[in-house]
Number of protein chains: 2
Amino acid sequence: MGSRHKPFTTLRSEVLVRNEWHSYCKDRYVGTDGGEADYYYVDMPGSAGCIPVLEDGRVAMVEVTRYLLSRKLLELPIGGMKRGEDPEAVALKETVEETGYRPRRMTRLGSFAPYKGASNEVCHFYLGEDLERVGQDLESTEEIAVKLVPLREVRRLLLSSELGDGQSLVGWLYLEKFLESGKNESLRRLLS
Amino acid sequence: MGSRHKPFTTLRSEVLVRNEWHSYCKDRYVGTDGGEADYYYVDMPGSAGCIPVLEDGRVAMVEVTRYLLSRKLLELPIGGMKRGEDPEAVALKETVEETGYRPRRMTRLGSFAPYKGASNEVCHFYLGEDLERVGQDLESTEEIAVKLVPLREVRRLLLSSELGDGQSLVGWLYLEKFLESGKNESLRRLLS
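Read on for a plain summary of the structure. (Residues numbered from 1 in each chain as written. Chains lettered and ligands numbered in written order. Predicted model: local features only at pLDDT ≥ 70, side-chain atom pairs only at ≥ 80, totals over all residues. Heavy atoms only, no water.)

### Here we look at the overall build of chain A
Here is step 1 of the chain: On a plain count of helices and strands, chain A comes out with four helices and 11 strands.
Here is step 2 of the chain: When its C-alpha atoms are laid out on the principal axes, chain A stretches across 55 × 40 × 35 Å.
Here is step 3 of the chain: Within chain A, contacts between residues at least 6 apart in sequence are counted, and of these 58% link residues at least 24 apart.
Here is step 4 of the chain: Per element, the accessible surface of chain A, about 8200 Å² overall, is 44% carbon and sulfur.
Here is step 5 of the chain: When the 27 positive and 31 negative side-chain charges of chain A are each reduced to one mean point, those points stand 4 Å apart. (Helix = DSSP H or I, 4+ residues; strand = E, 2+ residues; numbered from the N terminus. Contact = heavy atoms within 4.5 Å. Areas by Shrake-Rupley, 256 points an atom, 1.4 Å probe, with all protein chains shown as cover. Lys, Arg positive; Asp, Glu negative; His and termini not counted. Charge placed at Lys NZ, Arg CZ, Asp CG, Glu CD.)

### Quick notes on the pattern of salt bridges
Here is step 1 of the chain: By the definition in use, this model includes 31 salt bridges over all chains.
Here is step 2 of the chain: For Arg156(A), the salt bridge identified is with Glu153(A), shortest N-O distance 2.5 Å. Taken together, the positions of Arg156(A) and Glu153(A), both in helix α2 (residues 151–160) and three residues apart, correspond to about one turn of that helix.
Here is step 3 of the chain: The partner of Arg28(B) in a salt bridge is Glu36(B), with the nearest N and O atoms 3.0 Å apart. (Salt bridge = Lys/Arg side-chain N within 4 Å of Asp/Glu carboxyl O.)

### Focus on helix α1 (residues 87–99) of chain A
Residues and elements named next belong to chain A.
Here is step 1 of the chain: For α1, built from 13 residues, the straight-helix expectation of 18 Å at 1.5 Å per residue is met to within 8% by its first-to-last C-alpha distance of 18 Å.
Here is step 2 of the chain: Every buried residue belonging to α1 is among Pro87, Val90, Ala91, Glu94, Thr95, Val96, Glu97, Glu98 and Thr99, and all of these are buried.
Here is step 3 of the chain: Close packing links the buried residues of α1 with β4 (47–52), β5 (58–66), β7 (78–80), β8 (101–113), β9 (123–133) and β10 (144–150).
Here is step 4 of the chain: Glycine 100 occupies a position one or two residues after α1 and carries a positive phi of about 85°. (Expected span 1.5 Å × (residues − 1). Buried < 20%, exposed > 50% of the residue type's maximum accessible area, 1.4 Å probe, protein only.)

### Things to note about the sheet that holds strand β11 (residues 164–165) of chain B
Here is step 1 of the chain: Overall, mixed pairing links the five strands, which are arranged β7(A)-β4(A)-β9(A)-β8(A)-β11(B) in an open sheet. Bordering the open sheet on either side are β7 of chain A together with β11 of chain B, each of which pairs with just one other strand.
Here is step 2 of the chain: Across three bridges, β4(A) lies against β7(A) in antiparallel orientation. Residue pairing for β7(A): Ser47(A) is matched across the bridge by Gly80(A).
Here is step 3 of the chain: Of the strands in this sheet, β4, β7, β8 and β9 of chain A together with β11 of chain B touch helix α3 (residues 166–180) of chain A, which is tilted by about 100° from β8(A). (Pairing = 2+ DSSP bridges. Axes fitted to C-alpha atoms, helices over the stretch in contact; angles between N-to-C directions.)

### Looking at the packing of α3(A) against helix α3 (residues 166–180) of chain B
Here is step 1 of the chain: Taken N-terminus to C-terminus, the directions of α3(A) and α3(B) make an angle of 75°; their axes are 9 Å apart at the nearest point. Considering the angle they form, α3(A) stands roughly perpendicular to α3(B). Two secondary-structure elements touch here, α3(A) through Gly166(A), Leu169(A), Val170(A), Leu173(A) and Tyr174(A) and α3(B) through Gly166(B), Leu169(B), Val170(B), Leu173(B) and Tyr174(B).
Here is step 2 of the chain: Along the lines of polarity and charge, the residues of the contact of α3(A) with α3(B) split into eight nonpolar, two polar and no charged. (Parallel < 35°, antiparallel > 145°, perpendicular 65-115°, else oblique. Nonpolar A, V, L, I, M, F, W, Y, C, P; charged D, E, K, R; others polar.)

### Details of the relation of the copies chain A and chain B
Here is step 1 of the chain: After a rotation of 180° and a shift along the axis of 0.0 Å, chain A superposes on chain B with an RMSD of 0.0 Å. The two molecules are tied by a two-fold rotation axis, judged by turn and shift.
Here is step 2 of the chain: Interface overlap between copies is the fraction of interface residues in one copy that are interface residues in the other; for chain A against chain B it reaches 100%, indicating a shared surface. (Least-squares fit on C-alpha atoms with pLDDT ≥ 70 in both.)

### Quick look at the sheet that holds strand β1 (residues 9–18) of chain B
Residues and elements named next belong to chain B.
Here is step 1 of the chain: Ordered by their spatial adjacency, three strands build an open sheet running β1-β2-β3, and the pairing between neighbours is antiparallel. One side of each edge strand has no neighbouring strand; the edge strands of this open sheet are β1 and β3 (36–43). Each adjacent strand pair in this sheet contributes to an overall mean axis angle of 20°, direction not counted.
Here is step 2 of the chain: Across eight bridges, strand β2 (residues 23–30) lies against β3 in antiparallel orientation. Bridge pairing in β3 links tyrosine 29 to alanine 37.

### Section: the environment of Val146(A)
Residues and elements named next belong to chain A.
Here is step 1 of the chain: On the secondary structure map, valine 146 appears in strand β10.
Here is step 2 of the chain: Here the alpha-carbon distance between valine 146 and glutamate 98, two residues 48 residues apart in the chain, equals 7.6 Å.
Here is step 3 of the chain: Setting aside its immediate chain neighbours within four residues, valine 146 contacts Met61, Glu98, Thr99 and Gln136.

### Quick look at the packing of α2(A) against α3(B)
Here is step 1 of the chain: For the pair α2(A) and α3(B), the least separation of the axes is 11 Å and the interaxial angle reads 105°. On the basis of their axis angle, the class for α2(A) and α3(B) is roughly perpendicular. In contact with Arg155(A), Leu158(A), Leu159(A) and Ser160(A) of α2(A), α3(B) contributes Leu173(B), Tyr174(B), Glu176(B), Lys177(B) and Glu180(B).
Here is step 2 of the chain: Here the contact of α2(A) with α3(B) is built from residues that sort into four nonpolar, one polar and four charged.

Structure (structure tokens):
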């Protein structure tokens, strides 16, 4: 499970559209049955998210108005990585910009593929602790409201939205796994 | 939270690439700050997944070799919808094709946006029960192995892969939420 494996041979790879955030590509490849086929996908260097927890146990979440879905989603701060960027640094930067809190301690929680069928993006999640209040720093096109949510309410709120945010939900699951392992008993007590 | 909201005005929308699975589009829009910007995204009619549970409490999972990630991922059956298709019908069809089991009872679990930043896809998840063994029916380009996993092992296995499958992990969370609500006590007992 999860083992690296290269049963496909890529014959050629073409960037069809390049923009500031990702590239859209078309590969010609040989599948496991020996036949050739095309694969169209978003090429992304990755993304990184954070669960920023204040000392009183509240989580700095964000309500983001999403253009593609024409609605607000309740999310954890996540940002796209540029090629060569470090996921922890990106998670930290996004957390500061979107929530206005800077974590002084970051712990890696896990990595997942959010959209394996049409994007090669891997999303890395972190727990952010020991937060310092520094103030939001948003791009003018972002409409983001910070919501401070008690730790034991986060799961219920993420799951009770009419439409959940997949990446935030997975990040939360990795935090539950981390706390179940007994690696942060004070946080675990806040959750139960 | 999750309310519909249209703070953006789309000026024009252009399909840049169209293929069998999705379209890749570029929109010109006016943001909340009054400025114009471009949005590049994957346009998908949606997707639908299923957690197919056998009478003995094992879940029919699939190990899929993913071209874009050059590795095998442990997944729940999920398939893309074509325009006008019904999510429950697609979840059922994918489950039969990929696992070889046909659920005779489907229960809706929840919906989420797997990749809100670069795709308008909404993924719908179902619990599949009362399974009938009919045999796998794969496309020649698919390399899929069925894994029958006890219900109480699914969460741990999904989370312990080096790289998790985001959509399957979220589907699983919605099943936990459903079982916590007390709506299927026999399944809940198998989990605890």
